[in-house]
Amino acid sequence: MQPTHTKLDHVDDTAKIDNQTLLDVKDLKTHFFTDEGVVKAVDGVNLSLKRGETLCVVGESGCGKSVTARSILRIVPSPGEIVSGEINFQQRDGEVIDLAGMNPKGREIRKIRGGEVSMIFQEPMSSLSPVHTIGSQIMEAILLHLPVSRQEARKRAVSMLDLVGIPRPSEQLDAYSFELSGGMRQRAMIAIALACEPQLLIADEPTTALDVTTQANILDLIRDLQQDSGMSVLFITHDLGVVAEIADDVVVMYLGRDVESGDVDSIFHDAKHPYTRALLQSIPRYDSRENRRLYSIKGTVPHPFGRPNGCPFHPRCDDFIADRCDSIDPPRHSIKGEHSVRCLLYSAADEAPSNKDVPS
Amino acid sequence: MLWYIARRIIYLIPTLLIVSIIAFVVIQLPPGDFLASLISKAEETVDQAQVDALRERYGLDEPIYVQYWKWISGIITKGDFGRSFEWNKDVSDLIWERLGLTVVISLLTLAFIWIVAIPIGIYSAVKKYTIGDYVVTVIGFIGLAIPNFLLALVLMYIAFRYFGQSVGGLFSPEYIVAEWSLDRVLDLLSHLWLPVIILGTAGTAALIRVMRANLLDELSKLYVDAARARGLSELKLLFKYPVRVALNPLVSAVAWVFPALVSGSAITSIVLNLQTTGPLLYRSLQAQDMYLAGSLILLVSVLTIIGTLVSDILLAWIDPRIQLQ
Amino acid sequence: MTAATYPPAGDGASASAEVHAETRIVIANQWQLIWWKFRKHRLAMLAGLVTILLYVVALFAELFAPYSAGTYSAQHTFLPPQSINFLQWTDAGWRFYPHVYGHKVQVDPESFKRTYIVDETVILPIGLFVRGEEYKLWGLFTLDVHLIGAAQFGDPVHLIGTDRLGRDVLSRTIYGTRVSMSVGLVGVGLSLLLGVILGGISGYYGGLIDNLIQRAIEILRSLPTIPLWMGLSAAIPLTWPPVRVYFAITVLLSLIGWTTLAREVRGRFLSLKTEDFVIAARLDGVREMEIILRHMVPSMTSHIIASVTLAIPGMILAETALSFLGIGLRPPVVSWGVLLQEAQNVRSIATAPWLLFPGLAVVVAVLAMNFLGDGLRDAADPYQA
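Overview of the structure. In every chain, residue numbers begin from 1 and rise along the written sequence. Note on labels: chains are lettered from A, ligands numbered from 1, in written order. Totals for whole chains, interfaces and linings use all residues, but because this is a predicted model, local features are given only for residues with pLDDT of at least 70 and pairs of side-chain atoms are given and counted only at 80 or more. Working from all heavy atoms in the structure, the side-chain values ignore hydrogens and water.

Quick notes on the overall build of chain C
Put simply, DSSP marks the helices as runs of H or I at least four residues long and the strands as runs of E at least two long, and each gets a number from the N terminus on. When its secondary structure is counted, chain C shows 13 helices and four strands. Rg of the C-alpha trace for chain C: 27 Å, well past the compact-globule value of 21 Å for 385 residues, more than 25% over. With the C-alpha coordinates aligned to their principal axes, the bounding extent of chain C is approximately 85 × 70 × 40 Å. For every residue, the accessible area (1.4 Å probe, protein chains only) is compared with the maximum for its type, and the residue is labelled buried under 20%, exposed over 50%, or partly exposed between those bounds. Per-residue burial for chain C yields a buried fraction of 48% across its 385 residues. Of the roughly 19000 Å² of accessible surface on chain C, 66% is carried by carbon and sulfur atoms. Charge centroids of chain C, computed over 28 positive and 28 negative side chains, lie 6 Å from each other. Just to be clear, the radius of gyration here is over C-alpha atoms, and the globule rule we use is 2.2 Å times residues to the power 0.38. For every accessible area listed, the method is Shrake-Rupley and the probe measures 1.4 Å; residues are considered covered only by the protein chains on display. Charge assignment: positive for Lys and Arg, negative for Asp and Glu; neither His nor the chain ends contribute. Note on charges: their place is set at NZ of Lys, CZ of Arg, CG of Asp or CD of Glu.

Here it is, written out as structure tokens:
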């Protein structure tokens, strides 16, 4: 189960991740132990994020992208638990720590939350307290992580609101969330998240609940802030348009695991996994000359309890190989550079069965 | 805020009108007018002139709406609630002290309920599905299931049987009719705990459940995760956000807990023989002393309506969203 | 996918069973899901059984009660409860012979107070399905079988003791079940009618009507119910026959009690109105009545059943309180509240604490229905975790 605390003491082996890598998630498994059975929401995810870059995690709803994001901050709701895996994070002082091994209620992780890693959520309305002012929530974050007085915190809060483009910031500081529009609320959330200049911003579908123009504004804002501060962004979305716009690297998730990952160009122009290709084909294109039906992936995402054997995508896959895809767990196969895919179409036939490892 | 309060007070007017009509209906319900029953009850012959004067005063020969008008305007302009024929006194001489004691008991009980229910409710929600939660839940249900008066009877029996004490009443015998003094107040306080506990049991049980359910709702809200993601400690987080939000419905719960308290105290007071409005109402109803009964129903209703108003204003004060609606 | 999720081929049987259980959840209909969810709530299941039992007792009160409600005995007033002994010592050893002991009466020469002393020489055998007084079940069948009672007709067996007229407390409590439990049911039935109609109108049409009904509900809810009930029921003429008083009381209870149900119904209507499936039905041109009956009502039913179950205890408590004060149901009607009238002050309880037994029945009934209603409410929304 969870690694013990002693592991924290010798985490300083920087060999784990190189200097350029901020976050490295290895074979993360987060399962939900419900009365009806175990839901393996995240079941072996790998991702790696470099300093100052943007990594997009894409996938259909229910593929485990949000749980992955929450696992990093250790705010997975009960009855969810990290079962195994590593979340290596390089702190400001260069020390590398494994977030997966921390006590989710402990002091260490609380220093990370909001200080080194911040998060913004899908619903700006419900992620702000209905009975506290925006200002009190920004100031709370500042006072928790920075050694400043209340007045300085307030000043900083005003400048944060200004930074994220909220008009009349010193007045809006005393506004309640219900007095702001959706876009303004998300700006306020970003202000809270960035108040302590985190190294990593996790954005969990931050534009999904917003209308299209506001979406664009928020994306621009995040990109601008990223350029100014040099922070990294882990961006969770199901919208490939957004991915094309902001991503440096992409991880495609299906049923709780990464099926393909690589830089944005190889994913969009040289996609290998049938699922990734199917996703790309499902984007409506206005420049398409032919008048044909929009492609849609056959079947639906299986019920959480009914995960298929072998490759989880095989029942919906056009390139399904009988007796192989439904029995062999595809290993990760490197294509070129950082571009890798988990699909039996690309791994050598003899290599596959031996790789059917049995961890956990 | 002022505008909100003003609007709530304007809303009160139709409510008060309806309440006064209901109270008037209660007065009118027994067959025959009350003068007939007065005359039949009186031991000596009644002076005809006096009867005529009363007839004139309450407009008994006039249409019903005139009677209502005379009655209600007498109350509003002169504080004249009519006359109790059972006691042969003006109603207003009988009710104020009892009404005051009813308010005191109800407020103390309310305070008791809150002080007990909130911490237990929080505990129960945070420790969901643990032994402690189950114990609280079961005790809460039992508290809800025992009628107040039964609890009163059982506690009185226990006190009588095992401590040889006759509990009940709000004063020791020597203070019942005494003038108000510090000693009388202390005596009152030493008698209050039993009725407060008895009256508070059901309300406490109910509010524990409300608090638990509300808090469970709030605990799963996104803003809690967002605050946690900011690095707040679990305890601070709990009290600053979900508990704070979950308290709002609890304040609005006063709107129904308070009427229930006043209402429940009617019966418990009869069993415990408290000097509150309940036993007086009961006696007046049995004796068909209708002006007294009607006035009591009116005043107790007004009392609860004011309680509701206060809780609404409190809620608007602590929850900024309310004023907008 | 790792071996942990799906056992290797050798263990195929259990794997397919697992898959079967999973697909079962996916294809089950709403009521099956509700039932599965409810079944997990042990306490609610138990409470449901107790509730059913109480209504069975109410239906067959004559059969369950050892005596009729009015049977009295001047020689056995305030007889304390008798404890049941199952075994008897004979020359041949212990034998199974359920019985209670008789009583000797002692009269205090000064105060003339009668006290009972257990007399172990008098053995009164008891049994199940014994013959006793004749009665007409539902006024139709003449029977003389009683579930429990003295094995020999005429023996003074009173398991829970007797009251001041020598009437059997157990029998009267059992008869009281009929009235008390049905007052709850009938009263809630009336409330439900009012609540569904007014709440439905309010929630479905909204606007001015909604506003008016909501104000009315607010007013009714801010009134102290018990003083009002006291005032109104005190006005019921003493000359009315018991049946009419019974209905008058239930009408009074439901007149004030419908507001909670109306709010529930309105709330459901409001939230369902904007549900996608209702909007879809409307866009498909389904008629309003059909939308309400085919699409909205079925998805509210489970919630309404839960609220009704939760409303019944309130009615039972109210009836008990009013009757206890002597301004609700009146003798010769037997309800738990009427019975508790006998125990109105400390002195009578000190003489005969067993007179509080009907109070226990109230607590059990209210507790059972609260637990049941709570379980139903949790199960009513099976799609929610």
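What to know about the packing of aromatic side chains
The criterion for an aromatic pair is that two Phe, Tyr or Trp rings (for Trp, the six-membered ring) have centres within 6.5 Å, with stacked assigned to planes under 30 degrees apart, edge-to-face to planes over 60 apart and tilted to the rest. Inspection of the entire model under this criterion finds 11 aromatic pairs over all chains. A ring pair is formed by A:Tyr176 and A:Phe178, whose centres lie 5.7 Å apart and whose planes are at 10°; its orientation type is stacked. Exposure remark for A:Phe178: the relative accessible area of 18% places this residue in the buried category. An aromatic cluster of at least three residues, connected via ring pairs, comprises A:Tyr254, A:Tyr275 and A:Phe313. In this scheme, the term charge over a ring applies when either NZ of a lysine or CZ of an arginine sits within 6 Å of the ring centre and within 35 degrees of the ring normal. A cation sits over an aromatic face here: C:Arg244 above C:Trp240, 5.0 Å from the ring centre.

Topic: the sheet that holds strand β2 (residues 93-107) of chain C
Note: strands within a sheet are paired through backbone hydrogen bonds, in either parallel or antiparallel orientation. Residues and elements named next belong to chain C. If you walk across this open sheet you meet the four strands as β1-β2-β3-β4, and the pairing is antiparallel. With one partner strand each, in any of the chains shown, β1 (85-90) and β4 (141-150) form the two edges of the open sheet. Sheet twist, expressed as the mean angle between neighbouring strand axes with direction ignored, is 60°. Note on pairing: two strands pair once DSSP finds at least 2 bridges between them. In terms of strand pairing, β2 meets strand β3 (residues 114-137) through nine bridges, oriented antiparallel. Bridge pairing in β3 places glutamine 106 opposite threonine 115. Lines fitted to C-alpha atoms define the axes, with helix axes restricted to the stretch in contact, and inter-axis angles between N-to-C directions lie between 0 and 180 degrees.

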